[in-house]
Amino acid sequence: MLISAIATVTVPVADQERALAFYTGVLGFEVRTDNPFPMGRWLTVAPKGGATTLLLASWFPAMAPIGGLVVTAPDLDALAARLSENATAFEGPSDESWGRQLLFQDPFGNGYVVSQA
């Protein structure tokens, strides 16, 4: 095996503080690293217990938002309620032939597909 894991996915954001508030406050992620970096902060977050982190990077202003990042959640109805409470638009939850899913975007247009685990 040449590659054994995906460690970090870069998520472009315009404002690291606003992104941090969304990912920790709305989605319940935890901060994994928050260190000075020549172009800003090396700021990573992840779901509690998750192996892969998201790098909330503000130093790629021309980078288009990512789309279709697939994550899992145990309760899509609870996630939908949380997103609604925080004025975050979403679609679903919907029952599909492969299971339940919910779609949403972070405040910077990065798109997520959430499958119920």
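Keep in mind it's a predicted model, so treat the numbers as computed, not measured.

Draft legend 1. Molecular detail of the overall build of the protein. When helices and strands are tallied, the protein shows two helices and eight strands. Taking 13 Å as the expected radius of gyration for a compact globule of 117 residues, we find that the protein reaches 15 Å, a close match to that expectation. Projected onto its principal axes, the C-alpha coordinates of the protein cover approximately 45 × 40 × 25 Å. The buried share of the protein, reckoned over its 117 residues, is 34%. At a minimum sequence separation of 6, the contacts of the protein that also span at least 24 residues come to 53%. Charge-centre separation for the protein: the mean point of 6 positive side chains lies 6 Å from the mean point of 11 negative side chains.

Draft legend 2. Quick look at the pattern of salt bridges. Scanning all chains against the criterion turns up five salt bridges. When the shortest N-O distance is used, the salt bridge between Arg41 and Asp34 registers 2.8 Å. Owing to a relative accessible area of 19%, Arg41 belongs among the buried residues under this scheme. A salt bridge links Asp77 to Arg100, with the nearest nitrogen and oxygen atoms 3.4 Å apart. Of this pair, Asp77 sits in helix H2 (residues 76-85) while Arg100 sits in strand E7 (residues 99-105), and the two are 23 residues apart along the sequence.

Conventions and cut-offs
- Residues numbered from 1 in each chain as written.
- Predicted model: local features only at pLDDT ≥ 70, side-chain atom pairs only at ≥ 80, totals over all residues.
- Heavy atoms only, no water.
- Helix = DSSP H or I, 4+ residues; strand = E, 2+ residues; numbered from the N terminus.
- Rg over C-alpha atoms; globule rule 2.2 N^0.38 Å.
- Buried < 20%, exposed > 50% of the residue type's maximum accessible area, 1.4 Å probe, protein only.
- Contact = heavy atoms within 4.5 Å.
- Lys, Arg positive; Asp, Glu negative; His and termini not counted.
- Charge placed at Lys NZ, Arg CZ, Asp CG, Glu CD.
- Salt bridge = Lys/Arg side-chain N within 4 Å of Asp/Glu carboxyl O.

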